[in-house]
Every structure is written in structure tokens, then in C-alpha cells.
Number of protein chains: 2
Amino acid sequence: MKSGLSFLVAALRSEIDELDQLARTSELVGAIGRLVHGLQRERGISNVVLASGGKRFVGELEAQIAESLQLEERVRECFDRLETDPGRLGNGTRLFSRIAWVIPGLDALPDLRRRIGTLNLTVADATAAFVKLIAGLLAVVFEAADGATDPEISRLLVAMFNFMQGKEFAGQERACGAAAFTSGRNDSARQEQWLHLIESQERCFQVFSEFSGPALEAQWLANLPPAHTAELERMRRIACAAPAGVALDPELSAPWFDCCTRRIDAMQTVETRLAADLRQLCSEKTASVREEMAAHSELLTQIATRSPSPSAAAFFDSAPSASSEAAPAPPASNTALYGRQLERAILELVQDQSRRLQAMSDELDTVRGALNERKLVERAKGLLMAHRKLSEEDAHKMLRQTAMNQNRRLVDVAESVLAMADYLPMHERS
Amino acid sequence: MKSGLSFLVAALRSEIDELDQLARTSELVGAIGRLVHGLQRERGISNVVLASGGKRFVGELEAQIAESLQLEERVRECFDRLETDPGRLGNGTRLFSRIAWVIPGLDALPDLRRRIGTLNLTVADATAAFVKLIAGLLAVVFEAADGATDPEISRLLVAMFNFMQGKEFAGQERACGAAAFTSGRNDSARQEQWLHLIESQERCFQVFSEFSGPALEAQWLANLPPAHTAELERMRRIACAAPAGVALDPELSAPWFDCCTRRIDAMQTVETRLAADLRQLCSEKTASVREEMAAHSELLTQIATRSPSPSAAAFFDSAPSASSEAAPAPPASNTALYGRQLERAILELVQDQSRRLQAMSDELDTVRGALNERKLVERAKGLLMAHRKLSEEDAHKMLRQTAMNQNRRLVDVAESVLAMADYLPMHERS
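Note that the structure is predicted; figures quoted are calculated from it, not measured.

Rules used in this analysis
Residues numbered from 1 in each chain as written. Chains lettered and ligands numbered in written order. Predicted model: local features only at pLDDT ≥ 70, side-chain atom pairs only at ≥ 80, totals over all residues. Heavy atoms only, no water. Helix = DSSP H or I, 4+ residues; strand = E, 2+ residues; numbered from the N terminus. Buried < 20%, exposed > 50% of the residue type's maximum accessible area, 1.4 Å probe, protein only. Contact = heavy atoms within 4.5 Å. Areas by Shrake-Rupley, 256 points an atom, 1.4 Å probe, with all protein chains shown as cover. Domains from an automatic or database assignment. Buried area = accessible area lost by both parts, 1.4 Å probe. Salt bridge = Lys/Arg side-chain N within 4 Å of Asp/Glu carboxyl O. Polar contact = N/O pair within 3.5 Å; in protein donor to acceptor, adjacent residues only side chain to side chain. Nonpolar A, V, L, I, M, F, W, Y, C, P; charged D, E, K, R; others polar. Least-squares fit on C-alpha atoms with pLDDT ≥ 70 in both. Phe/Tyr/Trp six-rings, centres within 6.5 Å; stacked < 30°, edge-to-face > 60°. 1 Å grid on protein atoms, 1.4 Å probe; cavity = no way out; pocket = protein on both sides within 12 Å on 5 of 7 lines; lining within 4 Å. Points joined across faces, edges and corners; volume = space filled by probe spheres on them. Axes fitted to C-alpha atoms, helices over the stretch in contact; angles between N-to-C directions. Parallel < 35°, antiparallel > 145°, perpendicular 65-115°, else oblique. Left-handed = near helix turned anticlockwise from the far one by under 90°.

With that settled, the discussion passes to the overall build of chain A. What chain A contains, in helices and strands, is 15 helices and zero strands. Across the 430 residues of chain A, 52% fall into the buried class. Restricting to contacts in chain A with at least 6 residues of sequence separation, those with at least 24 account for 80%. When the accessible surface of chain A is split by element, carbon and sulfur atoms take 54% of a total near 18,200 Å².

Shown next, in the form of C-alpha cells:
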């Protein structure tokens, strides 16, 4: 028959398990961040190779592939470590399912690279393939953020996911702009897509700023020199504010690419710092819970050796701490506690823990709220896929197109779709 | 290096772990339901013993205590089994913390019983002690419902929690009415409390009906013969609709107690059925996931023996199922699949799983929404405790009093309190 204190210790042990798992997950998130960065570079270089008919950047591509392969290896190691570990995250099932989805994409990379090397693929198809793979990797990060059980760690993971997602939109913007400048003209469809990418990026960085804390936000802002931002905005204006169909100077293609690349590389330094902060936070948290547990274990030993026969007063009095009896000694001290004092000390500990867990759970709800937008979009996409028999990509395109046409945010369109669910026919209308 | 399919299997294994844990939790919830029923009876009988100055029901109390002890033993066994088990619920930490809180209450029962046996306690204090202990047990059930990761099981646990909570309000109403009829008069404070207990009960049974499904709801309604309900409502009216302070017939005390007791016993048969349904659902679900896993393991063996070198087409094509190639054979069949077909089959499996998990997670959010009311009340209570230095009981009383005074629901008052949080002073005002 276990005592209340042994469950208090069990709760702490369970918290430590969760933190250990979070540390492994944070490791994975960092590794994914580095791989995504490598794939983003590989995507950019591959596009130049394909667009130039294999005349430019062939050596660069080879070097980048070698680096991507190493980064992929690290991610796969993290995957394997998660799988063999007996500890489970709250949403282990969904995390594993996301990993199961992305691995075939990694498996298919050699074939994708072979096609790019033999120029057997269009720029658009190569880009789409990398975009899909990176989206799959980001979905793993999303589940990691959604499954975190500690609000402070969850906060950093939400910041991390949004930063990585924003960086990916920036990468897509680089590709979109490069294609426009290289072709020497812009059309309204591309302008719309471009503006959408800018807006999505800004939304992501906004959430990042909200959750990352002042130090990281300052680093992020310091990494964006005003002159650099001004140059980016000038080229954006030239391409997007001009009437559709107007000629663009192909000479701007290289400065555009460099400007975007410097920005994306600056993002990676912030991301690296975020990943380091995450690791440190995990180990600090674990250390603090371990300390608490050691203190309680001492108390547990005291109880085991001289357990008094419990009196009803300690539990059933309505407010032990407000009672006229002497306040219990702090639990971590070596003072021997007897009888009622000992009982009260335990009850206070349990109440403190319960209050702390309650506060954590409340804050966790708030932090997770930031992930709801994406969930709503996913849900609306699922609905469209079922009701209109669309592929995932087409459902996403349809939502995005509606958002652009109506000048509304994607999440608002998703909400409208969900609200109108009952009016959607179960089969394709057209 | 693991394949995508091995993570698909890992996701299923994680689902099975969760279901196993849910089965153990459901066992615990059933055992707590039986113990709460025993403690409710013991509370009622103890009150008669105390009120009669030890003249009545002494033998009944002895028999009931023996039964309660046995039921307590079962609950403690379930607690211990949860603690030693390596598997973890999503909210294991909070569940353990709730258990840590309630065990000192169980430990203090012998002393409480000794005081009742020596008539060394008022009826009000004895009632308050049992109410507190039962509330602690119900909090464990609440966490179990909140931590469930399967929406159908979560649905039944939410129904169960609300039914048990409603039954406890019915038990408190029995005690409240018994005190009023026995004393031969009613006052406005007790009338208010009584009406509040009726309303809270109805709210609980409403949520139960919403989540239990038609079969259980029908059984619940069948267990309430109209004549019986009419008798209950008649006595409620006599006591509550009469002007405050009016004399009540003490002769009604026994029929009131019997009528309430028959109703509460009828509730227990519904509760027993709910617990059995829960057990069955858990084992059905586990069996179905195990079957799916067996089918996938077979496919996994096929891959291990003749893994083709993956082509990019399967993963990077936007809609594999809509492609012009032959649809893959169903995965559970023994048809040997080769090359691209095999890859497509795996991708389809992963997509199916991902869709199923998404749908489950959406439904889970909906079901858990039903638990939000209680969370809001708890949060508002915590706020009042911190800002006005109140005990938990006093904070609850304050909320309930406001609800009664303003004729609003408890949850609405809690929401107002939370919305006004910034305006509350951090220290006691008075």
C-alpha cells in the first residue's frame, strides 16, 4: 500500500520522464532545422543547375549534397533514438505517424538527385519536391511542439516551429523571385503568390517574437541590418508593385538571390541559438525537478521509518496553512518531523505540486493556442479533401487562392470552410 | 536506419500502450465509482448515528464500514498498479498528483470513523469530511477523463465523470433535505443551497446524456419511474417553494431519505453498466489496433526481404491514389508487392493512419471541451485563492454564493472572475 508521498514522487518521476523525452525531441528539432537549411540550399542550387541546363553550380551541388547527406544521417539517428526509447511523449502516436510519412521522402532523395543530375526534371517539379519534403519535416516539428508538456519548453518549441516555417516561406520567396527576375517578367499570379509568401512569413515571425522572449527577439532584429532590409524591400517593390506583365531587369536576379540568401543564413544563426536555448532549458528543468525529487525522497524515508497513525485533522481541516498550529518546517531541511506536523508538511507539498501543475496546464493551453491556426487549416484541408475529392496539395491551393482573392488570412478562410461544413456536398460538385 | 513502415508500426505500438493504460485507468475509475458509492452510504448512515446520539444505525454503520474498507482496498490496488507500470498516460503527472492528494484522505478515514463512533463530531463536520474525500476521488476520475487519448473512450469517461459527479450532488441533496425535514424547518440559505444542488445535478446528467450514447441514456431514463420522480419533485417543492422559515413535517424525513436512496441506488446500476461498457470498449479498441499492427508487420517483413531502391515518383507525386497506375493491393492481403506498388501501398497506409489520427485528435478536442467548464471553475478558484488569500473551500463558496445571488451558472461566474483578473488586487482587500 503506497503512501500519498510516493505518488507525489511518482508524479515527479513522470515529469522527469517527460522532460527527458522533451530533451530528445528538442535534439531532433535542432537536427531537423539543420537538415531543412541544407535542403533549402540544395533546392536553390539545384534550380540553378536545372535552369542553366547543367552549365552552372554543378560542383556546388555536389558539395551541398554531401552536406545534406550528413545532416540527414543525424536526423535519422534522432528518429531511431525516439523509436527505441521506452519513454513516450503525450502525442507519441502522432509524432511517429509524421515520421513514418517523411521517411519515404528521405528514401526517395537519391532518385530525385539522380533526376536533377541528369536534367530530367523541370525547375518547378524539383522545387515542388523539396517543398513537399521540407513540409513533411516541419510537420514533425509541429507535432513535437504540440506534444510538449512543459509550458516554457512548449513556448520555445512554438517559437522554433514558427521561425522554421517563416524561414521556409523566405526560401520559397527566394525561389519565386529568382524565377521572376531570371525570366525578365512578372505576372499577376506570381505577384499574388509572392505577396502571400511575404505575408505568411511575417505572420510566422510575429508568433516567433511573441514566444521567443526578448533576448532571442533582439538577436533576430540585430541580424537584420536596416540597409539590408531596405534593399530587400526595394526589390520586392520593383517586382510586386509594378503592373503585372511589366518587364523586370534580369540583372537583378543575382543581387536578389544574394540578398535573400544572406537573410536566410542570418535566420539560421538565430535558429541555432534557439536550439541551444532549448537544450539548456530542458537540462535546467530536469535538474530542478530531480532536486525536488531528492528532497521528497528524504521525507519519504522519514515516513517509512516512523510513520505515525494518521489523524483526520490534517486532511479534513479546511485550511491547514491558516491553522493556529505551528507551520511545518520546510520539507527539504533535515529537521525530523513528527506526527501531525509531518502529515501537514506532506499535504502542503501535495498542494504546492497540484497548484504548480495546474498553473503549468493553464499556461500550456495558452501556448498551444498559437498552434490552433495551423490545426484549423489542416482540418479545413481535410474537409475539402473528403468533400470535393481533392488531393492535399489541391485543397491547400484552393484555400490559399480563396484567401488571396478575398484578401483574407488563410486561417479565416479555414474557419469559414469549417463553419460551412454542413453545406458542403459529400461528392464532387462539378 | 529505420523505414517509414517501422515508424508506422511504432505509432501503432504507442497507440496500444495508450489503450492498455486507458484500460487500467478505466478499471480504476470503476473501482473509484464503487468506493464513492460506499462512502456516500457511509456518510448517510454516519449522519443518522451522530444525529441520534448513537441510538440508531450503529450496526448498519459497522457493516457499511466493512464494505467501504474492501472497496478502498480495490482502489488502492489500482493506484499501486498505475504507479508501478512503466507505461505513461499523457497526463500521468497530474493523475499521480491527484492520487497523492487523495491518499492522505483515505489514510485519515480510520481516525474519522473513530471520532464518529465516539460521537466526537458534528453532523456538519462529518458530512464535510466525506464530501472532501469524495471530491478528491472524483478529481482523480476527472484527470483520467482529461488524459484519455482515444475520443470514444474519452467520451465514455466524460459521461462517467459527469454521472458520478451528478450522483454525488444527489447524495448531498439527500443529506441537505434530510437535515431540513428532520429539523422541522427550512431557511433561505438552505433553500438556496438545495436549489443549487438540484441545478448542478441536472447539468451533470445533461452532459452524461450527451456523451453516453442512446443505450445508456435509455437505461438511465428507464431507471427513473415517473411515479418515483413525481414523489421526489413533490417533496422538493414542499421544502423549497414554501416561504423560508415555514415549518416542515419531520415525518417526511424518512420517505425523503428512502426516495433519494432508491434514486441513488438506481444510479449505481447505470454506473456499473457504464464501467462495463468502458472495459469492453478498451479491449475492442486494443484488439483492432493489434490486428492492424499484425497486418503491417507482415508488410514490413516483405520490405525487409526485398527492398527495392526507392523511386522519387511514389513520394513526390502529388496524389498517388489518383494516379493512372494500378491501385495497390490492400495491405492486409498476402499478395506480394513489388517496387513502386509496394512504395505506394506504404504511403497509402501512412496517409490513412495520419488521417485517422487527425480525425481522432479533432474529435478529442470536442469531447474535452465538455471538461472545460470544470477547468474554468478551478482556475477562477485558484485566482481567488491567490488574490484574496482564501482557502479552496472558501473560494468555492464565494463563487457559488455569487452564482446564487446573481442567478447565474457557476461557470459563467468563473468566466467573469477570470476576465476581471487584472482588476483584482494581489492582497486581501478587507
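What follows picks up the thread again.
Residue and element names in this part refer to chain A. Looking at chain A, the domain boundaries give domain 1 (4-286) and domain 2 (372-423). Taking only C-alpha atoms, the centre of domain 1 and the centre of domain 2 are 23 Å apart. Buried area between domain 1 and domain 2, both sides added, is near 980 Å², and the carbon and sulfur share of it is 49%. Connecting domain 1 to domain 2 are two salt bridges. One can count two residue pairs in polar contact (both at pLDDT 80 or more) joining domain 1 with domain 2. Residue assignment for the side of domain 1 that touches domain 2 shows that the elements contributing at least two residues are α5 (123-147), α6 (151-183) and α7 (188-212). When residues in the side of domain 1 that touches domain 2 are grouped by element, the largest group, five residues, is from α7. For the side of domain 1 that touches domain 2, the class distribution of residues is three nonpolar, three polar and five charged.

By a widespread convention, an interface's size corresponds to the accessible area lost as its parts come together. The interface of chain B with chain A comprises 66 residues on the first partner and 66 residues on the second. When the two sides are added together, the surface that chain B and chain A hide from each other amounts to roughly 6,100 Å², 60% of it contributed by carbon and sulfur. If you sort the residues of chain B by the area they bury against chain A, F7(B), F315(B) and F316(B) come out on top, with a joint share of 12%. Viewed at the interface, chain A and chain B are joined by four salt bridges. Of the charged contacts, one joins R379(A) and D362(B) as a salt bridge, the two residues approaching to 2.9 Å between their closest N and O atoms. Where chain B touches chain A, the interface holds twelve residue pairs in polar contact (both at pLDDT 80 or more). If you list the elements that add at least two residues to the side of chain B that touches chain A, you get α1 (4-51), α2 (58-84), α3 (92-107), α4 (109-117), α5 (123-147), α11 (312-316), α12 (339-369) and α13 (372-388) of chain B. The element that contributes the greatest number of residues to the side of chain B that touches chain A is α3(B), accounting for 13 residues. Its residues assigned to classes, the side of chain B that touches chain A comprises 26 nonpolar, 19 polar and 21 charged.

As a further point, take the relation of the copies chain B and chain A. Note on the copies: chain B fits chain A at an RMSD of 0.0 Å, the axial shift is 0.0 Å, and the rotation between them is 180°. The transformation relating the two chain copies, once decomposed into turn and shift, fits a two-fold axis. When the interface residues of chain B are mapped onto chain A, 100% of them are again interface residues, pointing to one common binding face.

This paragraph deals with the packing of aromatic side chains. Residue and element names in this part refer to chain A. Here the structure, examined in full by the defined rule, presents 24 aromatic pairs over all chains. Taking the centre distance of 4.6 Å and the plane angle of 55° together, the rings of F163 and F208 count as tilted. With F163 in helix α6 and F208 in helix α7, this residue pair connects regions lying 45 residues apart in the sequence. Grouping residues by exposure puts F163 and F208 together as buried.

Below, the discussion takes up the environment of L71(A). All names here are of chain A. Along the chain, the position of L71 falls in helix α2 (residues 58-84). Taking the relative accessible area as the measure of exposure, L71 reaches 15% and is therefore buried. Setting aside residues no more than four positions away along its own chain, L71 makes contact with R34, L35 and G38.

On to unusual backbone geometry. All names here are of chain A. For L119, which is not a glycine, the phi torsion comes out positive at approximately 55°. By the secondary structure assignment, L119 is in the loop between α4 (109-117) and α5. Relative accessible area serves as the criterion here: at 37%, L119 is assigned to the partly exposed category.

Over the atoms rolls a probe the size of a water molecule, and its path tells where empty space is left. Within this structure, the stated rule accounts for nine cavities of 30 Å³ or more. The space that makes up the second largest cavity amounts to roughly 80 Å³. Forming the boundary of the second largest cavity are Q358(A), S361(A), R94(B), R98(B), F142(B), E143(B), R374(B), K375(B) and E378(B). Elements represented by at least two residues in the lining of the second largest cavity include exactly α12 (339-369) of chain A together with α3, α5 and α13 of chain B. Among the elements that line the lining of the second largest cavity, the one with the most residues is α13(B), at three residues. Taken domain by domain, the lining of the second largest cavity gets at least three of its residues from each of domain 1 (4-286) and domain 2 (372-423) of chain B.

Attention now moves to the pattern of salt bridges. Across all of its chains, the model carries 58 salt bridges over all chains by this definition. Here D365(B) makes a salt bridge to R379(A), at a shortest N to O gap of 3.3 Å. A residue pair is termed interchain when its members come from two chains, as with D365(B) in helix α12 and R379(A) in helix α13 (residues 372-388). A salt bridge links E168(B) to R43(B); its shortest N-O distance comes to 2.9 Å. Placement of the pair is E168(B) in helix α6 (residues 151-183) and R43(B) in helix α1, with a sequence separation of 125 residues. Here the two residues E168(B) and R43(B) agree in accessibility, since each one is buried.

For the rest of this paragraph, the subject is the side chain of D150(B). Residue and element names in this part refer to chain B. Take D150: it is sitting in the loop between α5 and α6. Of the polar contacts made by the side chain of D150, one reaches the backbone nitrogen of I153; its length is 3.1 Å. Ignoring any residue separated from it by four or fewer positions in sequence, one finds D150 in contact with L19, L22, K285, M360 and L364.

So, on to the packing of α3(B) against α5(B). Between two packed helices, the angle of one axis relative to the other and the distance separating the axes together describe the packing. All names here are of chain B. Here α3 crosses α5 at 165°, and the two axes come no closer than 9 Å. Relative to α5, α3 is oriented roughly antiparallel. Considering how the two elements wind past one another, α3 and α5 form a crossing that is left-handed. Residue-level inspection shows R94, L95, R98, I99, W101, V102, G105 and L106 of α3 in contact with α5, the latter providing K132, L133, G136, L137, A139, V140, E143, A144 and D146. Along the lines of polarity and charge, the residues of the contact of α3 with α5 split into ten nonpolar, two polar and five charged.

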